[in-house]
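# Examination of the molecular architecture
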Amino acid sequence: VSTVFNFAAGPGVMPAEVLARAQAEFVSWRGTGGSILEMPFTGAEFKSILAATEERLRGLLGIPANYTVLFTQGGASAQFSLVPLNLLGRKGSADYVETGYWSCRAIAEAARYCEVRLAASSANTQFDRIPTQADWRLHSDAAFCHITSNETADGLEYHWMPDIGEVPLVADMTSDFLSRPLDVSRYGVIYASAQKNIGPAGLTIVIVRGDLLGRARPETPQTFTYAVQARADGPFNTPATFAIYIAGLVFEWLERQGGLAAIERLNCRKSAKLYAALDCSEGFYQSRVRPADRSRTTACFTLRDSALTAEFLRQAAERGLRHLAGHAASGGLRAAMYNAMPEQGVDALAAFMDGFARAHG
Ligand SMILES: Cc1ncc(COP(=O)(O)O)c(C=O)c1O
């Protein structure tokens, strides 16, 4: 196999240029004679990397000045607990929208800290849709309302922006962060694990609106209290330094691609090609997600004859189309088309799907 395309949902494909640059700078960062891995996080060199990384992210997303950017750890899974711990204040409940595997995980964790009220759910239609806003039942006394902008395991994505009034909107954007422009000012908190569109596993980015700092329950660990992490004098404890450095390179790469509007256009083209292959197969490939809510980021589908799934994966891997197995909870097949997935990768996958359907249909 000469070219390999990695469709893993995470850790996922990285831009080749970023890997090459990191390799070139690995042993001696910009002529300093030392590796990033050896830099104290309190020193001027690392501080400059952190500041530049944050600056680039703010530029890409247009993050307003009243929002704090945290480079933290523990993954989105830790945020499932840390969002309630940091935002509940004296309130006792939060609204959640249930749209698939990852929102269920967020809900289960939040239920350990507060009353979870389902504002909307598509569980009774097997998570085939994002419930339309008209069907949401919001509570004005909720501490926040939580959504999962892309359900990585189920293949659903919001293609519209919820409008929920005064209650802070919190979004787990782990899998579609930076895949398109975003109006940050509409959110209270945005969080994302890094290992999809940002960089290496081990880093978690949290963007918090300033007025929401300081609502943490007293038992919240100091190192995970947003207001403590947001202190201007630098990280409270050792951050994921190397992952932050790589994230900075990825943000720089995104700028060179033309920013988020350009990357969104590419992501639209890629996903349109993938779903066209699915829709042209006369039911050989199937998706339970209604077309309006299909994910541009993680396309999940099955074979009409599920007995062929193993053969599909074997032949795909032989052609360099790797990691197409669905999430363990959902089964079937899944193609993650993160920012760094080149269009040729999706072309190759669509051509393979077409040929496989002809051979076995
Ligand atoms: C939408 C979403 N939320 C949360 C997570 C959990 O992330 P982590 O394993 O970094 O905690 C994932 C992981 O794939 C995800 O896709």
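Here is what the cut-offs are and how they apply
- Residues numbered from 1 in each chain as written.
- Predicted model: local features only at pLDDT ≥ 70, side-chain atom pairs only at ≥ 80, totals over all residues.
- Heavy atoms only, no water.
- Core = buried A, V, L, I, M, F, W, Y, C linked by side-chain atoms within 4.5 Å.
- Buried < 20%, exposed > 50% of the residue type's maximum accessible area, 1.4 Å probe, protein only.
- Contact = heavy atoms within 4.5 Å.
- Pairing = 2+ DSSP bridges.
- Helix = DSSP H or I, 4+ residues; strand = E, 2+ residues; numbered from the N terminus.
- Axes fitted to C-alpha atoms, helices over the stretch in contact; angles between N-to-C directions.
- Near = heavy atom within 4 Å.
- Polar contact = N/O pair within 3.5 Å; in protein donor to acceptor, adjacent residues only side chain to side chain.
- Areas by Shrake-Rupley, 256 points an atom, 1.4 Å probe, with all protein chains shown as cover.
- Nonpolar A, V, L, I, M, F, W, Y, C, P; charged D, E, K, R; others polar.
- Parallel < 35°, antiparallel > 145°, perpendicular 65-115°, else oblique.
- Left-handed = near helix turned anticlockwise from the far one by under 90°.
- Phe/Tyr/Trp six-rings, centres within 6.5 Å; stacked < 30°, edge-to-face > 60°.

### Considerations on the nonpolar core
Ranked by internal contacts, the top residues of the largest apolar core, which has 92 residues, are Leu61, Phe177, Ile198, Ile205 and Tyr285. Residues contacting phenylalanine 177, with those up to four places away along its chain left out, are Leu57, Leu61, Ile190, Ala192, Asn197, Ile198, Ile205 and Ile207. Judged by nonpolar contacts, the second largest core, of 24 residues, contains Leu87, Ile107, Val170 and Val206.

### Regarding the sheet that holds strand E14 (residues 333–336)
The strand order E11-E12-E14 describes an open sheet built from 3 strands, whose pairing is antiparallel. Across the chains shown, the open sheet's two edge strands, defined by having one partner strand only, are strand E11 (285–286) and E14. Sitting on the sheet, helix H7 (residues 259–279) touches E11 and strand E12 (298–303), and the angle it makes with E12 is about 15°. Each of E11, E12 and E14 touches helix H8 (residues 309–318); the most contacted strand, E14, lies at about 35° to it.

### Re the environment of leucine 349
Note on placement: leucine 349 falls in helix H9 (residues 343–360). Here the alpha-carbon distance between leucine 349 and serine 306, two residues 43 residues apart in the chain, equals 19 Å. Discounting chain neighbours no more than four positions away, the residues touching leucine 349 are Phe7, Leu274, Leu321, Leu324 and Ala335.

### Things to note about unusual backbone geometry
A cis amide bond, omega -10°, links glycine 10 with the succeeding residue proline 11. One can find proline 11 in the loop between strand E1 (5–6) and helix H1 (16–25). Backbone geometry places arginine 30, a non-glycine residue, at a positive phi of 45°. Considering the arrangement of structural elements, one finds arginine 30 in the loop between H1 and helix H2 (44–61). We note that phenylalanine 127 has phi near 50°; this positive angle belongs to a residue other than glycine. Checked against the element boundaries, phenylalanine 127 lands in the loop between strand E4 (115–121) and strand E5 (145–148). Accessibility expressed as a relative area gives 14% for phenylalanine 127, which makes it buried.

### Structural notes on the site of the ligand
Around the ligand, the structure places 13 residues, and the nearest of them are Ser77, Thr152, Asp172, Ser193 and Lys196. At 3.3 Å from an oxygen atom of the ligand is found a main-chain nitrogen or oxygen belonging to alanine 76. Interatomic distance of 2.6 Å between a side-chain N/O atom of aspartate 172 and a nitrogen atom of the ligand. Isolated, the ligand exposes 390 Å² of accessible area, and the fraction of that covered by the protein chains is 84%. In terms of residue count, the dominant contributor to the shell around the ligand is helix H3 (residues 75–87) (4 residues). Here the residues of the shell around the ligand sort into 3 nonpolar, 8 polar and 2 charged.

### Some details on the pairing of strand E2 (residues 67–72)
With 6 of 6 residues buried, E2 lies mostly within the body of the structure. Burial of E2 is two-sided: the residues Tyr67, Val69 and Phe71 facing one way and the residues Thr68, Leu70 and Thr72 facing the other way are all buried. For E2 and strand E10 (residues 204–209), the ladder comprises 6 bridges, and the chain directions are antiparallel. Its bridge partner being in E10, tyrosine 67 is matched across the sheet by arginine 209.

### Some remarks on the packing of H3 against helix H4 (residues 101–110)
Between two packed helices, what matters for the description is the angle formed by their axes and the separation of those axes. The contact between H3 and H4 brings their axes to 8 Å, and the two run at 45°. As judged from the angle between their axes, H3 and H4 are oblique. The crossing of H3 and H4 is right-handed. Here Ser77, Phe80, Ser81 and Pro84 of H3 lie close against H4, whose contacting residues are Trp102, Arg105, Ala106, Glu109 and Ala110. Among the residues forming the contact of H3 with H4, the class breakdown is 5 nonpolar, 2 polar and 2 charged.

### Observations concerning the environment of leucine 203
Tracing the chain through its elements places leucine 203 in the loop between strand E9 (189–193) and E10. The buried category is assigned to leucine 203, whose relative accessible area is 1%. When the C-alpha positions of leucine 203 and leucine 178 are compared, they lie 15 Å apart, and in sequence the two are 25 residues distant. Discounting chain neighbours no more than four positions away, the residues touching leucine 203 are Phe71, Thr72, Ala192, Ser193, Ala194, Ile198, Ala243, Ile244 and Ala247.

### Quick look at the packing of aromatic side chains
Throughout the structure, instances matching the rule amount to 16 aromatic pairs. For the ring pair phenylalanine 26 and phenylalanine 242, a centre distance of 5.8 Å and an interplane angle of 90° mean the geometry is edge-to-face. Placement of the pair is phenylalanine 26 in the loop between H1 and H2 and phenylalanine 242 in helix H6 (residues 241–256), with a sequence separation of 216 residues. What makes phenylalanine 26 partly exposed here is its relative accessible area of 35%. Ring geometry for tryptophan 136 versus tyrosine 158: centroids 6.4 Å apart, planes at 90°, classification edge-to-face. Highlighted residues: tryptophan 136 in the loop between E4 and E5 and tyrosine 158 in the loop between strand E7 (156–157) and strand E8 (169–172), separated in sequence by 22 residues. Residue tryptophan 136 is classed as buried on the basis of its relative accessible area of 8%. Members of the aromatic cluster, each reached through a chain of ring pairs, are Phe284, Tyr285, Phe301, Phe312, Phe352 and Phe356.

### Re the environment of leucine 260
Structurally, leucine 260 can be placed in helix H7. The class of leucine 260 is buried, set by a relative accessible area of 4%. C-alpha of leucine 260 to C-alpha of threonine 298: the two residues are 38 residues apart in sequence and 18 Å apart in space.

That's the geometry; what it means functionally is another story.
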